[in-house]
Amino acid sequence: DQMQGKRLIVVCNLKPKNLVGFKSNGMVLCASKANADGSHSVEFVDPPADSRPGDRIVGEGVGNDIEVLTASKCDKSKAFDIVAADLKVDSE
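Everything numeric here is computed off the predicted structure, so don't read it as measured data. (Residues numbered from 1 in each chain as written. Predicted model: local features only at pLDDT ≥ 70, side-chain atom pairs only at ≥ 80, totals over all residues. Heavy atoms only, no water.)

> Is there a simple way to think about the pattern of salt bridges in this case?
Side chains bearing opposite charge may pair, as long as their charged atoms lie close to each other. Using the criterion set out here, one finds two salt bridges in the structure. Here Lys33 and Glu43 are joined by a salt bridge, their closest N and O atoms 3.4 Å apart. Separated by ten residues along the polypeptide, Lys33 in strand E5 (residues 30-34) and Glu43 in strand E6 (residues 40-44) bring together distant segments of the chain. Owing to a relative accessible area of 38%, Glu43 belongs among the partly exposed residues under this scheme. (Salt bridge = Lys/Arg side-chain N within 4 Å of Asp/Glu carboxyl O. Helix = DSSP H or I, 4+ residues; strand = E, 2+ residues; numbered from the N terminus. Buried < 20%, exposed > 50% of the residue type's maximum accessible area, 1.4 Å probe, protein only.)

> Would you mind going over a nonpolar patch on the surface with me for this structure?
Together, Leu19, Val20 and Phe22 line one region of the surface with nonpolar side chains, adding up to about 340 Å² of accessible area. Looking at the secondary structure, you find Val20 in the loop between strand E2 (17-19) and strand E3 (22-24). (Patch = residues over 30% accessible without salt bridge, like charges linked within 9 Å, V, L, I, M, F, W, Y side chains within 5 Å. Areas by Shrake-Rupley, 256 points an atom, 1.4 Å probe, with all protein chains shown as cover.)

Written out as structure tokens, the structure is:
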């Protein structure tokens, strides 16, 4: 229900995994933030306001000439794990 009608960022080219009885080839990008009471909230990461469905999104400071990896190469090189370590969100 929370995804309906919402613009999302989908990380694709991941090795297929079985999730709840179906194969998943990607994931919706979310972020966790600490609340004042010490608990954590998980929220969807919003795509840039001027992006359109299907646009390729790259991180700030990353050029557009980066290599697009196959699912197998992405998994073997642990590419997402490497990138995820530097993902941060601002206070918004």
